[in-house]
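# Structural characterization, general
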Amino acid sequence: MNSNDLWIVFTAIAVALICALPGCFLVLRRMAMVGDAISHAVLPGIVIAYLLSGSRNTMYILPGAAAAGMLVTVLIEWLQKRLRVQSDASIGLVYTLLFAIGVILVTAFTAQTDLDQECVLYGEIAYVPFDMMSIVDGGFSAPRQLWIASGLLTVLIIVITLGYRGLYLSTFDPGYATAIGISVVFWHYILMSMVSLAAVVSFESVGAVLVVALLTGPPAIASLFAKRLPLMLLLACVFGVLACVFGYLIASFLNASISGSIAVVIGVLYAFSLVIKKIFF
Amino acid sequence: MKEVKSSSVEVHNLTVIYHRKPVLWNIDFQLPEGKLIGIMGPNGAGKSTLMKAILGLVPLNSGYAKIYDQDLKDVRSRVSYIPQRQTVDWDFPATVKDVVMMGRYQHRGLFGRITAKDKEIVDEALEQVAMQSFKNRQIAQLSGGQQQRVFLARALAQQADLYLLDEPFVGVDASTEESIVSMLRSLRDQGKTLIVVHHDLHTARDYFDWIVLLNASLIGVGPLDEIFTDEKLRTTYSGKLTVLSQVGDRLREKNFPVREK
Ligand SMILES: Nc1ncnc2c1ncn2[C@@H]1O[C@H](COP(=O)(O)OP(=O)(O)OP(=O)(O)O)[C@@H](O)[C@H]1O
Ligand SMILES: [Mg+2]
């Protein structure tokens, strides 16, 4: 492995971690579909922010895409609560619509954007090492994506640690949470913001397909074995890391898509875990 | 309206409408302190909704609910709610102890440290519901009755004065039901108020001091003997039995011990 390989794996791992943490709460709320929706719907946000600002600078892209993520959450809620559309239908409606708008924008403005369908679906993690930066001039240099992902990871860890009880109780028993004065709506939006940010940051490096796999796969595997929530969070991270390492090895061995291989490893891990759980637990 | 000296719960003019369908209609009552109170009515009568309305969990279309003569937000710490067991996902990564500890969140807030005292209180609560030996077990691996007892322990750990229990006896075997009832009685004897949604008319007579009869609107409220009359029960349950009314009548004649009075 040369340093490029290492940067790619590190970036993948950072992305896996920022997805696994909020993903645990999504899976426990049986809202994996919403993660799917958000991870697709950030696309038009990214493209619009890009077209408006004319730059790929994350400073502009992040808020744009996060806004798109929140828009999905609000739209889905609105369809369900006000128009009483079934929950799966409303999710499907919202995200296909937004994703389609994103795809149209990408294809219509490909010349200006140097985004293309390929990178939308599969990301471009292989190019991560070619976009290095350091925080202070001449300081330690690492891929830009890795900096961003690590920054978000720090934020997520802080939010989940501080908001642990709120997230925990509003996920497990919203009725009781409200009765003792915890705002379930507030924590819902905190979670959705975390998912949106995770989706945006991951999207660029690993593409829409792997974002979904990372948001739901490792947490789903962890939930098979974890008896308590902290253990589930930890295990989800461990499985995310394993998937990245093995996915990368397979990809370099077969000279195949990195994010595709990681997604496959997650699937295989899940199947394998189901069997192990059946036999040993 | 029946006046009560010191009221635990007061509901005035309360109406809740879901999607243009009135679920609770103009409900007015006062409930006393220190009693075991049953809320009864057919399926869909709005019993759970009434509890949620009292707890501020559903938006009210009119009226208000007060607890100990105060707004709910000022007395939250004195109120504990035990939702219908089926409303939560028991496949959750939490142990029995974790769930009971949630009863202490109210006192510690979202950020306060869990103290040794909290752990003691949780242990005591588990002891009271005879779930000590299960405390490290994951809640997914409990029977329905054990889950119900965990919920009860969480409420006990909260050390409230008013308990609202939504169908605590569903899916619980006879001996567990008995032990829950005796626990509720001992809480009442300590001066706590317990409001329980209950379905079984046979046992209600035995369990409760007071009864609220509900079928979207309030049919009756008061001490058991005054309320548990054949006529009031008929009004409460008849609306639901339009097609089956005759069959229903038969069944009721056979089953209600009330009739023998
Ligand atoms: N979230 C909701 N949205 C729409 N309608 C609802 C909602 N919750 C309850 N309802 C309706 O309100 C009515 C009263 O429901 P509620 O759950 O309060 O009844 P209940 O007396 O507790 O019934 P059960 O004995 O079956 O528990 C029912 O007709 C139900 O369909
Ligand atoms: Mg109910």
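First things first, this report covers the structure right here in the doc. (Residues numbered from 1 in each chain as written. Chains lettered and ligands numbered in written order. Predicted model: local features only at pLDDT ≥ 70, side-chain atom pairs only at ≥ 80, totals over all residues. Heavy atoms only, no water.)

### A closer look at the site of ligand 1
All names here are of chain B. The condition that has to hold: Only heavy atoms are used to decide nearness, and a residue is near a molecule or strand if one of them lies within 4 Å of it. Within 3.5 Å is the distance limit for a polar contact, defined as a pair of N or O atoms, with the added protein rule that one can donate a hydrogen and the other accept it, and that residues adjacent in sequence qualify only through two side-chain atoms. In short, Shrake-Rupley with a 1.4 Å probe defines the accessible areas, and a residue's cover is counted only from the protein chains shown. Counting from the N terminus, the helices are DSSP H or I runs at least four residues long and the strands are E runs at least two residues long. Here the nonpolar group is Ala, Val, Leu, Ile, Met, Phe, Trp, Tyr, Cys and Pro; Asp, Glu, Lys and Arg are the charged ones; every other residue, Gly included, is treated as polar.
K21, G44, K47, S48 and T49 are the nearest of the 15 residues found near ligand 1. In the model, an oxygen atom of ligand 1 is placed 2.7 Å from a nitrogen or oxygen of the K47 side chain. Compared with its free state, where it exposes 630 Å², ligand 1 has 65% of that area covered by protein. If one sorts the elements of the shell around ligand 1 by residue count, helix 1 (residues 47–54) sits on top with three residues. Its residues placed into classes, the shell around ligand 1 shows four nonpolar, eight polar and three charged.

### What about the sheet that holds strand 4 (residues 62–67) of chain B?
Residues and elements named next belong to chain B. As a reminder, the rule being used: In short, DSSP must find at least two bridges between two strands for them to pair. Only the stretch in contact is used when a helix axis is fitted, and all axes are lines through C-alpha atoms; the angle between N-to-C directions ranges over 0 to 180 degrees.
Judged by pairing direction, the sheet is antiparallel, and its three strands sit side by side in the order 2-1-4 without closing on themselves. With one partner strand each, in any of the chains shown, strand 2 (21–32) and strand 4 form the two edges of the open sheet. Here the strands of the sheet are splayed against their neighbours by 15 degrees on average, with no regard to which way each runs. Bridge count for strand 1 (residues 7–18) against strand 2 is eight bridges, and the pairing is antiparallel.

### A look at the interface of chain A and chain B
Rules: Any two residues whose heavy atoms approach within 4.5 Å are treated as being in contact. What counts as buried area is the accessible surface, traced by a 1.4 Å probe, that two parts surrender upon association, with contributions from both included. Counted as salt bridges are all cases of a side-chain nitrogen of Lys or Arg within 4 Å of a carboxyl oxygen of Asp or Glu.
The partner chain B presents 33 residues to the 25 residues of chain A that form the contact. Where chain A abuts chain B, roughly 2600 Å² becomes buried across the two surfaces, and 62% of that area is made up of carbon and sulfur atoms. Taken as a group, R165, F172 and Y176 of chain A account for 32% of the area that chain A buries against chain B, more than any other trio of residues on that side. If you look at where chain A meets chain B, you find three salt bridges. Residues D173 of chain A and R154 of chain B are paired through a salt bridge, measuring 2.7 Å at the closest nitrogen-oxygen approach. The interface formed by chain A and chain B includes twelve residue pairs in polar contact (both at pLDDT 80 or more). The element contributing the most residues to the side of chain A that touches chain B is helix 8 (residues 164–172) of chain A, with six residues. When the residues that make up the side of chain A that touches chain B are grouped by side-chain class, the tally is 13 nonpolar, five polar and seven charged.

### Side note on the sheet that holds strand 8 (residues 210–215) of chain B
All names here are of chain B. Strand order across the open sheet formed by six strands is 5-6-7-3-8-9, with mixed pairing between neighbours. Of all the strands in the sheet, just strand 5 (79–82) and strand 9 (217–223) have a single pairing partner and so form its edges. Within this sheet the neighbouring strands show an average axis-to-axis angle of 15 degrees, counted without direction. Note: strand 3 (residues 36–40) against strand 7 (residues 193–197), four bridges, orientation parallel. Among the inter-strand pairings, L36 is bridged to a residue of strand 7, identified as L194. Contacts between helix 9 (residues 230–238) and the sheet are confined to strand 3, strand 8 and strand 9, with strand 8 contributing the most and set at about 35 degrees to the helix.

### Considering the pattern of salt bridges
Residue and element names in this part refer to chain B. Using the following cut-off: Relative accessible area decides the class of each residue, using a 1.4 Å probe on protein chains only: under 20% of the type maximum gives buried, over 50% gives exposed, and in between gives partly exposed.
As enumerated under the stated definition, the model contains 13 salt bridges over all chains in all. Here D123 ties to K135 by a salt bridge, and the two come within 3.5 Å at their closest N and O atoms. Taken together, the residues span a long stretch of sequence, with D123 in helix 4 (residues 116–128) and K135 in the loop between helix 4 and helix 5 (144–158) at a distance of twelve residues. Residue class for D123 comes out partly exposed when judged on its relative accessible area of 24%.

### Some thoughts on the packing of helix 4 of chain B against helix 5 of chain B
All names here are of chain B. Rules: Throughout this description, any angle smaller than 35 degrees is read as roughly parallel, any larger than 145 degrees as roughly antiparallel, any in the 65 to 115 degree range as roughly perpendicular, and the remainder as oblique. Definitions for this section: a left-handed crossing has its near helix turned counterclockwise from the far helix by less than a right angle. A right-handed crossing has that turn clockwise.
Where helix 4 contacts helix 5, the two axes come as close as 8 Å, and the packing angle between them is 135 degrees. The angle between helix 4 and helix 5 falls in the class oblique. Helix 5 is crossed by helix 4, and the crossing has right-handed handedness. Contacts between helix 4 and helix 5 involve I121, A125, L126 and Q128 from the first element and A153, L156 and A157 from the second. When grouped by side-chain class, the residues that make up the contact of helix 4 with helix 5 number six nonpolar, one polar and no charged.

### Points about the packing of aromatic side chains
Cut-off, in case you're wondering: Centres within 6.5 Å are what make two rings of Phe, Tyr or Trp a pair, Trp counting through its six-membered ring; a difference in plane orientation under 30 degrees is then read as stacked, over 60 as edge-to-face, and the rest as tilted. In this analysis the charged atom, NZ for Lys or CZ for Arg, is taken to sit over a ring once it is within 6 Å of the ring centre and within 35 degrees of the ring normal.
Counted under the stated rule, the structure contains twelve aromatic pairs over all chains. On the basis of an interplanar angle of 65 degrees and a centroid distance of 6.3 Å, the ring pair of W7 of chain A and F10 of chain A is categorised as edge-to-face. Here the residue W7 of chain A and the residue F10 of chain A both occupy positions in helix 1 (residues 3–28), the gap between them amounting to three residues, near one helical turn. Given a relative accessible area of 15%, W7 of chain A falls into the buried group. Judged by its relative accessible area of 41%, F10 of chain A is partly exposed. Pairing F172 of chain A with F92 of chain B gives two aromatic rings, centres 5.1 Å apart and planes at 55 degrees, and the pair type is tilted. Taken as a pair, F172 of chain A in helix 8 and F92 of chain B in the loop between strand 5 and helix 3 (96–108) lie in two separate chains rather than in one. Each member of the pair, F172 of chain A together with F92 of chain B, is buried. Taken together, the aromatic side chains of Y164, Y168 and F172 of chain A together with W90, F92 and F151 of chain B make up a single cluster linked through ring pairs. The aromatic ring of Y68 of chain B is capped on one face by R78 of chain B, whose charged end is 3.9 Å from the ring centroid. For R154 of chain B, the ring lying beneath its charged end belongs to F151 of chain B, and the centroid distance is 4.4 Å.

Fair warning: the whole summary comes from geometry, so function is off the table for now.
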